Amino acid sequence: MLRIITQQADVISELQRICDRTHDEQVLHKEATVREVLQAVKRQGDKAVLHYTAEFDHQTLQPEELRVTGSELDAAYQQVSKDLLAAIQRACRQIEAFHRQRVPKSWVHFGDDEVVLGKRYTPVDRAGLYVPGGRASYPSTVLMNAIPAKVAGVPRIVMVTPPGAGKAINPAVLVAAQEAGVEEIYRIGGAQAIAALAYGTETIPKVNVISGPGNIYVTLAKKLVYGTVGIDSLAGPSEVLIIADETANPAHVAADMLAQAEHDPMAAAILLTTDAGLAKKVQAAVDRQLVDHPRRIDTEKAIAHYGLIVVVESLEAAAEFSNEFAPEHLELEVEDPWTLISHIRHAGAIFLGNSTPEAVGDYLAGPNHTLPTSGAARYASALGVETFLKHSSIIQYSPTALEKVAGAIETLAKAEGLPSHADSVRRRVQEEE
Ligand SMILES: NC(=O)C1=CN([C@@H]2O[C@H](COP(=O)(O)OP(=O)(O)OC[C@H]3O[C@@H](n4cnc5c(N)ncnc54)[C@H](O)[C@@H]3O)[C@@H](O)[C@H]2O)C=CC1
Ligand SMILES: N[C@@H](Cc1c[nH]c[nH+]1)C(=O)O
Ligand SMILES: [Zn+2]
């Protein structure tokens, strides 16, 4: 049963325990497995990828089966309904429209002082998109990853996703990929897929950036390969924190908590409310809604371990607790969410008001659903076009401009004990004289 706590002294330690669930001692043995997988794929390439796919995904593949073929891609369109295709296309349009806004632009400033400064944005050469597929299938995540990479202008985009029963990939995932313009797809998942993208194998190309959410194995693997490649953020397992007052509907709040818990036994769902009556009603509604839940066992596990209701003294206190937790998703189910938002400092995505369930953002509002979890929202943000871009600084000095700063540079270089730095400037200034 979903726990309710009212003792304010316990709140911080409980929130911390849930927030730290992906880096506590229980996760250490998973990290050992992930390290082993990364090392094996680095050394043995495809052979290790196939070995772990058999072990963890229970699918025996030949190397030539790793890549999804053109005929499978074509056939996928025959296997999805018209309604599903239309929904994918609608989501595609809305996500693309959102991500095309405020794409960082290169700029150059020609100063009156004969100094030119600027920033030049360029995409990475190759991006690797991870689309989860263990407990659920995620066509929406295909769009959330592929569209920003396309908008950024990445020339080669590679997608990986775990094989399902009979080695098949959900046709909706394959259709979503094609609608977003991605056709190089490999049927691998978990830490072995992240390793293949980070180090490259005989079949799978090494990429520069890996994006996309995943379970604890995927997230630990992304953390460990960071540096060899870039990553978007540590995105998973999922979480929601809801701040609600007496105007919230208990059945809606309960449904939103379960909508997050059903992703993973390690997902987190937290309610902070000023209304003790609402707390009790939400607790009962969660129980009721779990009765016929098709994913009951895993969802119950998440609720039992990482579900929590806290009765708080004020909405401001709730906002402070939320800032401590830095949730991936924050729902403000209160009468005046625009006042409350001014107290919020850390959250991956914020959903305002009682008619904005998180599912709107999961599928098609436009903003990205790949978001930082486990406190990473304190320093990281949603996946975006920027994930696939980097910028080079642009600097040009005229001889006159260089002369004006030569003395200061020489002084700084001497202070750092780096004479060649000083010399490289002095020679130019002297040559000009
Ligand atoms: N933060 C975010 O933006 C989002 C997060 N998510 C999260 O993505 C995750 C998806 O998880 P899954 O459905 O599990 O799919 P997944 O694709 O992330 O993980 C499945 C893979 O895990 C590996 N695996 C499973 N058991 C293993 C074991 N015992 N040892 C080693 N490897 C093992 C397998 O290779 C399998 O391919 C959920 O945690 C969900 O909450 C989903 C969407 C967005
Ligand atoms: N709620 C997921 C995204 C999602 C995809 N499909 C359904 N939900 C997250 O953590 O962002
Ligand atoms: Zn979701």
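All figures in this text were calculated on a predicted structure; none of them were measured in a lab.

So, how was this worked out
Numbers given to residues run from 1 along each chain, matching the order in which its sequence is written. Here every chain gets a letter starting at A, and every ligand a number starting at 1, in the order they are written. In view of the model being predicted, local features appear only for residues whose pLDDT reaches at least 70, and side-chain atom pairs are presented and counted only at 80 or more, with totals across whole chains, interfaces and linings using the full set of residues. Side-chain calculation: all heavy atoms of the structure are included, whereas hydrogens and water are not. Stacked, tilted and edge-to-face are the three classes applied to pairs of Phe, Tyr and Trp rings, where Trp contributes its six-membered ring and a pair requires centres within 6.5 Å; stacked means planes under 30 degrees apart, edge-to-face means over 60, and tilted covers the rest. Cation placement over rings: the criterion is NZ of Lys or CZ of Arg within 6 Å of the ring centroid and within 35° of the ring normal. Coordination here is defined by N, O and S atoms within 2.8 Å of the metal (3.2 Å for Na, K and Ca), and since water is not considered, a site can look incomplete. Categorising residues by exposure relies on relative accessible area from a 1.4 Å probe, with only protein chains included: less than 20% of the type maximum marks a residue as buried, more than 50% marks it as exposed, and the intermediate range marks it as partly exposed. Residues are counted as near a molecule or strand when any one of their heavy atoms sits within 4 Å of it. A 3.5 Å cut-off defines polar contacts: any pair of N or O atoms within that distance qualifies, except that in protein one atom must be a possible hydrogen donor and the other a possible acceptor, and neighbouring residues in sequence count only when both atoms are side-chain atoms. Note on areas: these come from Shrake-Rupley sampling with a 1.4 Å probe, and a residue is covered only by the protein chains present in the view. Helix and strand assignments come from DSSP, with helices taken as H or I runs of at least 4 residues and strands as E runs of at least 2, each series counted from the N terminus. Between any two strands, at least two bridges found by DSSP are needed for them to pair. Asp, Glu, Lys and Arg are counted as charged, while Ala, Val, Leu, Ile, Met, Phe, Trp, Tyr, Cys and Pro are counted as nonpolar; the rest, among them Gly, fall into the polar class. Think of a salt bridge as a Lys or Arg side-chain nitrogen and an Asp or Glu carboxyl oxygen that are within 4 Å of each other. Only heavy atoms enter the contact rule, under which two residues are in contact if any of them lie within 4.5 Å. UniProt positions are given in the numbering used here, feature names are shortened, and annotations may be inferred rather than shown by experiment. Patch definition: residues above 30% relative accessible area lacking any salt bridge, with like charges linked at up to 9 Å and the nonpolar side chains Val, Leu, Ile, Met, Phe, Trp and Tyr linked at up to 5 Å.

### Overview of the packing of aromatic side chains
Here is step 1: Summed over all chains, the structure comprises one aromatic pair.
Here is step 2: Above the face of the Tyr306 ring, Arg21 is positioned so that its terminal group lies 5.8 Å from the ring centre.

### So, the coordination of the zinc ion (ligand 3)
Here is step 1: Looking at the zinc ion (ligand 3), the protein donor atoms are His263 (NE2) and Asp362 (OD), and they sit 2.1 to 2.4 Å from it.
Here is step 2: In this structure His263 comes out as partly exposed when scored by relative accessible area, which is 21%.

### A word on the site of ligand 1
Here is step 1: Neighbouring ligand 1 are 28 residues, the closest being Asp57, Tyr130, Arg135, Ser238 and Asp264.
Here is step 2: For ligand 1, a nitrogen atom lies 3.1 Å from a polar atom in the side chain of Tyr217.
Here is step 3: Within the side chain of Asp264, a nitrogen or oxygen atom sits 2.6 Å from an oxygen atom of ligand 1.
Here is step 4: Within the complex, the protein chains bury 89% of what would otherwise be the 870 Å² of accessible surface of ligand 1.
Here is step 5: Every element with two or more residues in the shell around ligand 1 is listed here: helix 3 (46-57), helix 8 (190-199) and helix 9 (216-225).

### Regarding the sheet that holds strand 4 (residues 126-130)
Here is step 1: Pairing in this open sheet of five strands is parallel, and the strands run 6-5-4-7-8 from one edge to the other. Pairing within the sheet leaves two strands with one partner each, and these edge strands are strand 6 (184-186) and strand 8 (230-231).
Here is step 2: Across three bridges, the pairing between strand 5 (residues 156-160) and strand 6 is parallel. If you follow Met159 over to strand 6, its bridge partner there is Ile185.

### What about the site of ligand 2?
Here is step 1: Around ligand 2, the neighbouring residues are Tyr138, Ser140, Ser238, Gln260, His263, Glu328, His329, Glu358, Asp362, Tyr363 and His369.
Here is step 2: Between ligand 2 and Ser140 there is a distance of 3.4 Å, counted from a nitrogen atom to a side-chain nitrogen or oxygen.
Here is step 3: One of the side-chain N or O atoms of Glu328 is found 2.8 Å from an oxygen atom in ligand 2.
Here is step 4: Protein burial of ligand 2: of its 300 Å² of free accessible surface, 92% is covered by the chains.
Here is step 5: Element by element, the count of residues in the shell around ligand 2 is highest for helix 15 (residues 358-363), at three residues.
Here is step 6: Of the residues in the shell around ligand 2, the class split is two nonpolar, six polar and three charged.

### A few points about the pattern of salt bridges
Here is step 1: The full count for this structure, using the stated rule, is 15 salt bridges.
Here is step 2: Across the pair Glu239 and Arg21 runs a salt bridge, and its minimum N-O distance is 3.0 Å. In this pair, Glu239 sits in strand 9 (residues 239-244) while Arg21 sits in the loop between helix 1 (8-19) and helix 2 (28-44), placing the two residues 218 residues apart along the sequence. Comparing Glu239 with Arg21 shows no difference in burial state: the two are buried.
Here is step 3: Across the pair Asp232 and Lys222 runs a salt bridge whose closest N-O atoms are separated by 2.6 Å. Linking Asp232 in the loop between strand 8 and strand 9 with Lys222 in helix 9, this pair joins segments that are 10 residues apart in sequence.
Here is step 4: Among the residues examined, Lys222 registers a relative accessible area of 2% and is labelled buried.

### Some thoughts on the environment of Glu184
Here is step 1: Inspection of the secondary structure assignment puts Glu184 in strand 6.
Here is step 2: Taking the C-alpha atoms as reference points, Glu184 and Leu418, separated by 234 residues in sequence, lie 49 Å from one another.
Here is step 3: Excluding residues that lie within four positions of it along the chain, Glu184 makes contacts with Arg67, Arg156, Ile157, Val158, Met159 and Pro205.

### Details of the side chain of Asn368
Here is step 1: Residue placement: Asn368 occurs in the loop between helix 15 and strand 14 (389-397).
Here is step 2: Side-chain polar atoms of Asn368 contact the backbone oxygen of Met144, separated by 2.6 Å.
Here is step 3: Within the structure, the side chain of Asn368 is placed 2.9 Å from the backbone nitrogen of Thr370, a separation counted as a polar contact.
Here is step 4: Contacts of Asn368, omitting those with residues within four sequence positions, involve His99, Met144, Pro148, Ala382 and Leu383.

### A few points about the environment of Gln101
Here is step 1: Examined against the element boundaries, Gln101 turns out to sit in the loop between helix 5 (82-100) and strand 2 (107-110).
Here is step 2: In the structure, Gln101 is positioned 284 residues away from Val385 in sequence and 9.8 Å away in space, judged by C-alpha atoms.

### Section: the UniProt feature "binding site: Zn(2+)" (unreviewed entry) in the protein
Here is step 1: Within this numbering scheme, the UniProt entry marks Gln260, His263, Asp362 and His421 as carrying the feature "binding site: Zn(2+)" (unreviewed entry). Spanning 162 residues, the named residues do not form one spatial group; their C-alpha atoms are separated by as much as 55.6 Å.
Here is step 2: Tracing the chain through its elements places Gln260 in helix 10 (residues 250-261).
Here is step 3: In contact with Gln260, other than residues within four places in its own chain, are Ser238, Glu239, Val240, Ala267, Ala268, Glu328, His329 and Glu358.
Here is step 4: Within the secondary structure layout, His421 lies in helix 17 (residues 419-432).
Here is step 5: Since its relative accessible area comes to 47%, His421 is described here as partly exposed.

### Things to note about a nonpolar patch on the surface
Here is step 1: A cluster of nonpolar residues, Trp107, Leu117, Ile395 and Tyr397, forms a patch on the protein surface that exposes about 420 Å² of accessible area.
Here is step 2: Relative to the helices and strands, Ile395 resides in strand 14.
Here is step 3: Here Ile395 falls in the exposed class, since its relative accessible area comes to 61%.

### Looking at the UniProt feature "binding site: NAD(+)" (unreviewed entry) in the protein
Here is step 1: This chain's UniProt record puts "binding site: NAD(+)" (unreviewed entry) on Tyr130, Gln192 and Asn215. These residues run over 86 residues, yet every pair of their C-alpha atoms falls within 12.9 Å of each other.
Here is step 2: Looking at where Tyr130 falls in the secondary structure, it is placed in strand 4.
Here is step 3: In terms of polar contacts, Tyr130 uses its side chain to reach the backbone amide nitrogen of Gly190, at 2.9 Å.
Here is step 4: Asn215 gets classed as partly exposed once you look at its relative accessible area, which sits at 29%.
Here is step 5: A distance of 3.1 Å separates a polar side-chain atom of Asn215 from the backbone nitrogen of Tyr217.

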